[in-house]
Amino acid sequence: MKIYKLLSLLFITIITLSSCSNSADEDIQDNATGNLQLKFENGFNNLGDIVLNQTTQTSVNGQKHQFSTLKYIISNISLIDENGAEFKYNYNNPDKGAFIINQEEAKGGIVYVNLTEIPKGNYKKIKLGLGVGPTAYLIGQGGQGLFWEKAKQEGMAWSWAAGYIFTKLEGKYGTSSPDTEFMNHCGNMGDTTANGTADLYREVVLDLPTTARVHKDITPSVHILADFNQYLSGNKALTLDTNNNMAMGSSQQLVDVSNNLINMFKVDHVHND
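Fair warning: this is a prediction, and the values are worked out from it, not measured in the lab.

(A) Quick look at the nonpolar core. Leu38, Phe40, Tyr72, Leu128, Phe228 and Phe265 are the most contacted members of the largest nonpolar core, which has 64 residues in total. No other element matches strand β3 (residues 64-81), which puts seven residues into this core. Beyond its immediate sequence surroundings of up to four residues, Leu128 is in contact with Phe40, Ile74, Ser75, Asn76, Ile77, Arg202, Glu203, Val204, Leu206, Ile224 and Phe265.

(B) Examining unusual backbone geometry more closely. Positive phi, close to 65 degrees, is recorded for Asn53, a residue that is not glycine. Notably, Asn92 is not glycine yet its phi reads approximately 55 degrees, a positive angle. Looking at the secondary structure, you find Asn92 in the loop between β4 (86-89) and α2 (94-97).

(C) Region of the structure containing the pattern of salt bridges. As enumerated under the stated definition, the model contains six salt bridges in all. A salt bridge links Glu149 to Lys152; the nearest nitrogen and oxygen atoms lie 3.4 Å apart. Of the two residues, Glu149 and Lys152 are both situated in helix α4 (residues 145-153); the distance of three residues between them amounts to about one turn of the helix. Judged by its relative accessible area of 39%, Lys152 falls in the partly exposed class.

(D) Spatial organisation of the environment of Ala151. By secondary structure assignment, the location of Ala151 is in helix α4. Classification of Ala151 as buried rests on a relative accessible area of 0%. In this structure the C-alpha to C-alpha distance between Ala151 and Ala98, which are 53 residues apart in sequence, comes to 10.0 Å. Ignoring anything within four residues of it in the chain, the contact list for Ala151 reads Ile100, Met156, Ala157 and Tyr164.

(E) Region of the structure containing the packing of aromatic side chains. The final tally for this structure, using the stated rule, is 16 aromatic pairs. Pairing Phe67 with Phe182 gives two aromatic rings, centres 6.2 Å apart and planes at 70 degrees, and the pair type is edge-to-face. Here Phe182 lies in strand β9 (residues 180-187) and Phe67 lies in strand β3, a separation of 115 residues in the sequence. Assessed through its relative accessible area of 0%, Phe67 is described here as buried. Residues Trp160 and Tyr164 carry aromatic rings whose centres are separated by 6.5 Å and whose planes lie at 75 degrees to one another, so their mutual orientation is edge-to-face. Pairwise contacts between aromatic rings join Phe40, Phe44, Phe67, Tyr72, Tyr173, Phe182, Phe228, Tyr231 and Phe265 into one cluster. Its end group placed over the ring of Tyr91, Lys88 keeps NZ or CZ at 4.6 Å from the ring centre.

(F) The arrangement of α4 in detail. For α4, the set of buried residues is Phe147, Trp148 and Ala151. Angular distribution of buried residues about the axis of α4 spans 100 degrees; they occupy a single face of the element. Exposed positions of α4 whose direction lies more than 90 degrees from the buried face are Leu146 and Gln153. Buried residues in α4 make contact with β3, α2 and β5 (99-102). Of the residues one or two after α4, Gly155 is the one with positive phi, at around 70 degrees.

(G) Representation of the sheet that holds strand β13 (residues 265-272) in the model. In space, the four strands of this open sheet follow the order β6-β1-β11-β13, with mixed pairing throughout. Each edge of the open sheet carries a strand with a single partner, namely β6 (111-118) and β13. Neighbour to neighbour, the strand axes of the sheet diverge by 20 degrees on average, direction disregarded. Of the pairings in the sheet, the one linking strand β1 (residues 34-43) to strand β11 (residues 220-227) comprises seven bridges and is parallel in character. In the strand pairing of β11, Gly43 is matched with Asp227.

(H) View of helix α7 (residues 252-261). Of all 10 residues making up α7, eight are buried, and the element is well covered by its neighbours. Within the sequence span of α7, burial applies to Gln253, Leu254, Val255, Asp256, Val257, Ser258, Asn260 and Leu261.

Criteria and thresholds
- Residues numbered from 1 in each chain as written.
- Predicted model: local features only at pLDDT ≥ 70, side-chain atom pairs only at ≥ 80, totals over all residues.
- Heavy atoms only, no water.
- Core = buried A, V, L, I, M, F, W, Y, C linked by side-chain atoms within 4.5 Å.
- Buried < 20%, exposed > 50% of the residue type's maximum accessible area, 1.4 Å probe, protein only.
- Helix = DSSP H or I, 4+ residues; strand = E, 2+ residues; numbered from the N terminus.
- Contact = heavy atoms within 4.5 Å.
- Salt bridge = Lys/Arg side-chain N within 4 Å of Asp/Glu carboxyl O.
- Phe/Tyr/Trp six-rings, centres within 6.5 Å; stacked < 30°, edge-to-face > 60°.
- Lys NZ or Arg CZ within 6 Å of the ring centre and 35° of its normal.
- Arc of directions from axis to C-beta.
- Pairing = 2+ DSSP bridges.
- Axes fitted to C-alpha atoms, helices over the stretch in contact; angles between N-to-C directions.

What follows is the structure, encoded as structure tokens:
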């Protein structure tokens, strides 16, 4: 009888320890990080896939324009969950958290950005920075060497003292047809406080129409439309002419362009696959 009781106690102990171990393993797996994909589709009036040197848009002021170059920097991405908690993805760390959206690299009209090691959660909003924030810039060139080199290679930077090009728009414009060249390069002219120049970095918070459910087995894909009709036909209607068609840096024209473009983003849909 004593042997039977001892064996019973031993069996119960083994089962209990095994159960606790399995529960701990499940908790660890349940809290594992996941991934999330952003899909940027650049278009006009929510019609996607701008074809460089081909797709033509008419502004509210009657000007026709098309792009030969369309690039912009996205950084300081944040995900906001159902409880309002915010996860900042490599915030103010351009080497890991800044991306160049280049229409020339679009596949099927989409430019992909893959985010890794996202905490498990149900996310309801996303925050995006257009450009590189002043805090990141003031970390210095050594703190963002990888992204700085990439930006220079892709023509998204001037000298370090001048800073990054946040948005690079080039192409042609005209009244009856696009026949006059333009270049608008919106950028942060180094240390804006020291230089007394405008800071063109902008941020926007977007609602997700469907919750993005990040899990170790689920990688949500967030489809973001960028409506470049906002360029000349946004909150402030703009007209290109000889005074502003070759604007670079942070002139008033580019302040207006930046204020228009930050409103171009909209989340069209979310896939939880």
